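The primary structure of each chain is shown beneath.
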Amino acid sequence: MKTEITINRGLDLSLKGSLPADAQIRSVAAAQIAVVPDDYPGFTPKLEVKEGSEVVAGEPLMHAKECDAVKLVSPVSGRVKEVKRGERRKILYVSVEAADVAKAPVAEVPGKDAESIRTALQQSGLWALMRQRPYDIVPVPDRSPRDIFITAVDSAPLAMPLTAEVPDGASRIDAGLKALMQLTEGHIYISFRPGADRGIVPEWAYTSNRVVVTEVNGKHPAGNAGVQIAALAPVNKGDLVWTLDIVTLWRIGSLMIDGHVDWSTRVAVTGSEVAEPFIAETVVGASVEPLLAGALTEGDRHLRIISGNVLTGVKISPDGYLHYPYRQITVIPEGDDVDEFMGWASMSTKKMSESRSFLSKIFGRKEFAPDARVLGGKRAMIMSGLYDKVFPMDILPEYLLKAIISKDIDKMEQLGIYEVAPEDFALCEYVDPSKIEIQKLVRDGLDYMRKEVE
Amino acid sequence: MLRKYLDKIKPHFQPGGKLSAFQSVFEGMETFLYTPRSTSASGVHVHDAIDSKRVMIIVVVALLPCLLFGMYNTGYQNSLCSGVEMSFWEMMAYGFLAILPKLVVTYVVGLGIEFAIAQVRHEEIMEGFLVTGILVPLICPVTTPLWMLAVATAFSVIFVKEVFGGTGFNIFNVALTTRAFLFFAYPASMSGDTAFIASKPICGLGGAVTYTDAVSGATPLGQLASGADQITNAVGDPVSTWQAFLGLIPGSFGETSTLCVLIGGALLLLTGIASWRIMLSVFAGGLFMGWIANIFGTPTYPASLLSPVDQLVYGGFAFAAVFMATDPVTAARTGIGKYIYGFLVGVIAILIRVYNNGYPEGAMLAVLLMNALAPLIDYCVVQANVSRRMRRARSNS
């Protein structure tokens, strides 16, 4: 089947430092990688290795306390360098130094039945790359999803097209789709920007009544799975759906064909402080130091390095690692070294804002280079209706957020908490003049809900 | 240099410093002067440049035309009634001197209380009172005694705002409650024929006004309520709709000029700070009710004889529509709710004005009443969303 949706509300931030059309592709060897359990909500890590253990690519580093079978694996072969722990011995990350090891690589083409596929996904680490709604967590292993939603659209600021990341697409996408169809009795939705599905989606998928190929139009967050689900087949109470991106689908396909997962990834290195934005070919979880070496602008300004995009990414240190979903780095000025006199009265055309009270909104520049400052004090929710403009779901964000703040389970449920993920609120957080940490709030709300309901 | 000075004195205001009791005040000043350097700790890494300081300051700027016109009109009315000739600048100066003490008193009382409470709660100082502090003098008669203003402002800031949790949590519009407090506590000073015109010389400007048969300071709506056949200005000349639109009539300090209110309203709409849904529907509601009242016009209710357009230019209607009903904290917050809320504000304002001879003006009470009802309107809109979701769940299962 083929269908089309248009997302009418949303916002595309125009930031400096986008990838040029003929972006250079640099291959960067990953000497060191790290797997960060916090990237996988709902996954409580239990170690399977010790510092100094030898691991081969695809071998588990950790499994989930909730289910032994669900693993996080090492994307490279080498030696476990460090198990970094934080407060109360919480595992912050497990790092692996790439090296030649004498072990045989993991490779076994899984069977074609549902149970074998399930096990293979869980063992291979691919299961953890998927998410489920409700709660936006790693899917619980014992339930089948109503539907599966695959997005091949990354509409986030400065992101590169996701379809650029699936080399030799068709055969692996084909195998991946067939595997996922074993795991649900419902539909597989797979969404593209208009025209981007060509050469990637196998022909049979267009005629299958179980696969829905969707063309997505509109501004960010049109690429978010949550927004697409809301437009195509909303999540109701009691429903459970899975979401994943097309790169994960491609990896599932490669597991089904080759028997092992290709953990290489393409990373868009973008942002106003990257001298010449480029695409890096490396491995998931790679250390960013070699990636950024020599790539940043000269100067003594403090920089913020973000693994991911400016809306949902994770702040990392210059010696940090790539975080899930392993496809973008954004570098912007930190801004804590700037003194701005009466910034609230500014008539500058360099201010990035959706408010027409700034001249820049009316006749400002085309691309902005904002820093990471919050640009205001935290307040109660004062202005109304601002979130709605960038929240394209039939949900009243203000009221849902208030229900979360007051921990009112019934209200949260009634107002649609099962349908959302923190990333869906990223733009609300961006436009908010009250500077509320909305994504954090939603994450806490989802966790609280899960604890209370299940 | 200023930055260096602030950095130098900052340690005194930190906990343990000798001036730590004024930490909130210092931080308020510091964040007012310099955009805080704090960067995002979680969630999005870039933020929209808009913050609540910017929002509030735009509203203050939008109020300036009304404030300036109020100064002129105060001088003009005094000159008209006292017979003392004044130049334009003398009128402005007279009005400025008349309003200055009131602005100072409201700001000192209101901000004083806010600073104290912020310090007790160890919170940042919120900027909500920046707007309230200028609104209050604008919606009061120019002769309001300062002590009354002080009492009413203190009452509102404490019992209408801070007991609910401060800026963003209040149910009723703070400036309007101040006005309502004055209206019900000191009715003699808030209405009648002598309240709306400054009647004494100030610093040698202006003249003393003696009210006679020929000189009356009654507002147009006051005149109607007491059964006048024709609306006149203070010295008995008839007033046209156009003059009332410009605002050269007696009335509360800042709300006589519909023109200036609309200039402010245009700024609020252009910048997107105020909700066009509310503003539009208040005017629509006012026109609608004015039209209904006019159809059934009767001398028993003299204000019903006004044309719908006249209803909008007299009294505080336009001011309430642009600056009061649109207060985002106390208005309806849902999109559809805003239309209903605004429309009812307009209808009720004219309803009270026309059919209750005791209150010549209804805009204040209409907004306050709808403030109380706004959560109910929103509740209905939210329930509609909830039942849509439940229907969807049922039809799927």
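What you see is a predicted model, and the numbers here were worked out from it, not measured in a lab. (Residues numbered from 1 in each chain as written. Chains lettered and ligands numbered in written order. Predicted model: local features only at pLDDT ≥ 70, side-chain atom pairs only at ≥ 80, totals over all residues. Heavy atoms only, no water.)

Draft legend 1. Layout of the domain arrangement of chain B. Residue and element names in this part refer to chain B. On domain assignment, one finds that chain B holds domain 1 (8–34 + 52–255) and domain 2 (274–386). Distance between the C-alpha centres of domain 1 and domain 2: 22 Å. At the interface, 34 residues of domain 1 touch 25 residues of domain 2. Taking both partners together, domain 1 and domain 2 bury about 2500 Å²; carbon and sulfur atoms supply 78% of that area. (Domains from an automatic or database assignment. Contact = heavy atoms within 4.5 Å. Buried area = accessible area lost by both parts, 1.4 Å probe.)

Draft legend 2. The arrangement of helix α5 (residues 128–139) of chain B in detail. Residues and elements named next belong to chain B. Relative to the 16 Å expected for 12 residues at 1.5 Å per residue, α5 spans 17 Å between its end C-alpha atoms, a close match to the ideal helical length. The buried count for α5 comes to 11 of 12 residues, which makes it a mostly enclosed element. Taken as a whole, α5 has its buried residues at Gly128, Phe129, Val131, Thr132, Gly133, Ile134, Leu135, Val136, Pro137, Leu138 and Ile139. The elements touched by buried residues of α5 are α3 (52–82), α4 (88–121), α6 (146–161), α7 (174–185) and α14 (317–324). (Helix = DSSP H or I, 4+ residues; strand = E, 2+ residues; numbered from the N terminus. Expected span 1.5 Å × (residues − 1). Buried < 20%, exposed > 50% of the residue type's maximum accessible area, 1.4 Å probe, protein only.)

Draft legend 3. Local environment of unusual backbone geometry. At the junction of Arg133(A) and Pro134(A), the peptide bond is cis and its omega measures out at 0° in the coordinates. Mapping Pro134(A) onto the fold places it in the loop between β10 (131–133) and β11 (148–151). For the bond running from His220(A) to Pro221(A), omega is 10°, close enough to zero to count as cis. Phi at Asp136(A) takes a positive value of approximately 50°, unusual for a residue other than glycine. Summarising the element assignment, Asp136(A) is placed in the loop between β10 and β11. Classification of Asp136(A) as buried rests on a relative accessible area of 14%. For His122(B), which is not glycine, the phi torsion reads 55° and is therefore positive. Tracing the backbone shows His122(B) in the loop between α4 and α5.

Draft legend 4. The arrangement of the sheet that holds strand β7 (residues 71–73) of chain A in detail. All names here are of chain A. Taking strand neighbours across the sheet as the criterion, the 3 strands line up as β4-β6-β7 in an open arrangement whose pairing is antiparallel. In this open sheet, the two edge strands, each paired with only one partner strand, are β4 (45–47) and β7. Sheet twist, expressed as the mean angle between neighbouring strand axes with direction ignored, is 30°. Bridge count for β4 against strand β6 (residues 60–64) is 3 bridges, and the pairing is antiparallel. The partner of Pro45 across the bridge, within β6, is Ala64. (Pairing = 2+ DSSP bridges. Axes fitted to C-alpha atoms, helices over the stretch in contact; angles between N-to-C directions.)

Draft legend 5. Up close: the side chain of Thr144(B). Residue and element names in this part refer to chain B. Within the secondary structure, Thr144 is located in the loop between α5 and α6. Polar side-chain contacts of Thr144 include one of 2.5 Å to the backbone oxygen of Pro141. Apart from residues no more than four positions distant in its own chain, Thr144 is found in contact with Lys102, Leu149, Leu182 and Met190. (Polar contact = N/O pair within 3.5 Å; in protein donor to acceptor, adjacent residues only side chain to side chain.)

Draft legend 6. Region of interest: the domain arrangement of chain A. Residue and element names in this part refer to chain A. Looking at the assigned domains, one finds that chain A contains domain 1 (2–258), domain 2 (264–363) and domain 3 (386–453). Once you take the C-alpha centre of each, domain 2 and domain 3 turn out to be 26 Å apart. Counting across the domain 2 and domain 3 interface gives 0 salt bridges. Inspection of the domain 2/domain 3 interface yields 1 residue pair in polar contact (both at pLDDT 80 or more). Counted by class, the side of domain 2 that touches domain 3 contains 2 nonpolar, 2 polar and 1 charged residues. (Salt bridge = Lys/Arg side-chain N within 4 Å of Asp/Glu carboxyl O. Nonpolar A, V, L, I, M, F, W, Y, C, P; charged D, E, K, R; others polar.)

Draft legend 7. Main features of the interface of chain B and chain A. Between chain B and chain A, the residue contacts involve 57 residues of the former and 70 residues of the latter. Approximately 5600 Å² of surface area, both sides summed, lies buried where chain B meets chain A, with 53% of it carried by carbon and sulfur atoms. Three residues, His45(B), Arg54(B) and Arg333(B), lead the burial of chain B against chain A; their summed loss comes to 15% of the area buried on that side. Connecting chain B to chain A are 7 salt bridges. Measuring nitrogen to oxygen at the nearest pair gives 2.5 Å for the salt bridge that ties Glu127(B) to Arg379(A). At the boundary of chain B with chain A, the tally comes to 39 residue pairs in polar contact (both at pLDDT 80 or more). Of all the secondary-structure elements, those providing two or more residues to the side of chain B that touches chain A are α1 (2–13), α2 (23–33), α3, α11 (258–270) and α16 (363–396) of chain B. Counting residues per element, the side of chain B that touches chain A draws most heavily on α16(B), at 9 residues. A class-by-class count of the residues in the side of chain B that touches chain A yields 26 nonpolar, 17 polar and 14 charged.

Draft legend 8. Molecular detail of the pattern of salt bridges. Residue and element names in this part refer to chain A. In this structure the tally under the stated criterion is 33 salt bridges over all chains. Note that Asp147 is salt-bridged to Arg146, the shortest N-O span being 2.8 Å. Residue class for Arg146 comes out partly exposed when judged on its relative accessible area of 22%. One salt bridge in this structure joins Asp174 and Lys178, with 3.2 Å as the shortest N-O distance. With Asp174 and Lys178 both in helix α2 (residues 169–181), this residue pair falls 4 residues apart, about one helical turn. With a relative accessible area of 44%, Lys178 lands in the partly exposed category. Because the salt bridges share partners, they merge into one network encompassing Glu340, Lys351, Asp371 and Arg373.

Draft legend 9. Structural detail: the nonpolar core. Within the largest apolar cluster, 104 residues are counted, with the highest numbers of intra-cluster contacts made by Leu63(B), Leu268(B), Tyr314(B), Phe319(B), Phe323(B), Met324(B) and Tyr341(B). It is α3(B) that contributes the most residues to this core, 12 residues altogether. Domain assignment of the residues forming this core places at least three in each of domain 1 (8–34 + 52–255) and domain 2 (274–386) of chain B. Residues contacting Met324(B), with those up to four places away along its chain left out, are Leu135(B), Ile139(B), Asn173(B), Ala175(B), Leu176(B), Phe319(B) and Val367(B). Residues Leu129(A), Ile173(A), Leu177(A) and Val247(A) belong to the second largest nonpolar core, which totals 80 residues. (Core = buried A, V, L, I, M, F, W, Y, C linked by side-chain atoms within 4.5 Å.)

Draft legend 10. Structural context of the packing of aromatic side chains. Applying the stated criterion across every chain, the model contains 25 aromatic pairs over all chains. With centroids separated by 6.2 Å and ring planes inclined at 85°, the aromatic side chains of Tyr135(A) and Tyr418(A) adopt a geometry described as edge-to-face. Residue Tyr135(A) is found in the loop between β10 and β11, and its partner Tyr418(A) is found in the loop between α9 (409–414) and α10 (426–431); the two are separated by 283 residues along the sequence. A relative accessible area of 6% means that Tyr418(A) is categorised as buried. Aromatic side chains Phe155(B) and Phe159(B) sit 5.6 Å apart centroid to centroid with 35° between the ring planes, which places their arrangement in the tilted category. Taken together, the positions of Phe155(B) and Phe159(B), both in helix α6 and 4 residues apart, correspond to about one turn of that helix. Here Phe159(B) falls in the partly exposed class, since its relative accessible area comes to 49%. Three or more aromatic residues joined by ring pairs form one cluster here, namely Phe69(B), Tyr72(B), Tyr76(B), Phe88(B) and Trp89(B). Directly above the aromatic system of Tyr399(A) lies the positively charged group of Lys402(A), at a separation of 5.5 Å from the ring centroid. Looking at Arg54(B), its charged tip hangs above the ring of Phe358(A), at a distance of 3.9 Å from the centre. (Phe/Tyr/Trp six-rings, centres within 6.5 Å; stacked < 30°, edge-to-face > 60°. Lys NZ or Arg CZ within 6 Å of the ring centre and 35° of its normal.)

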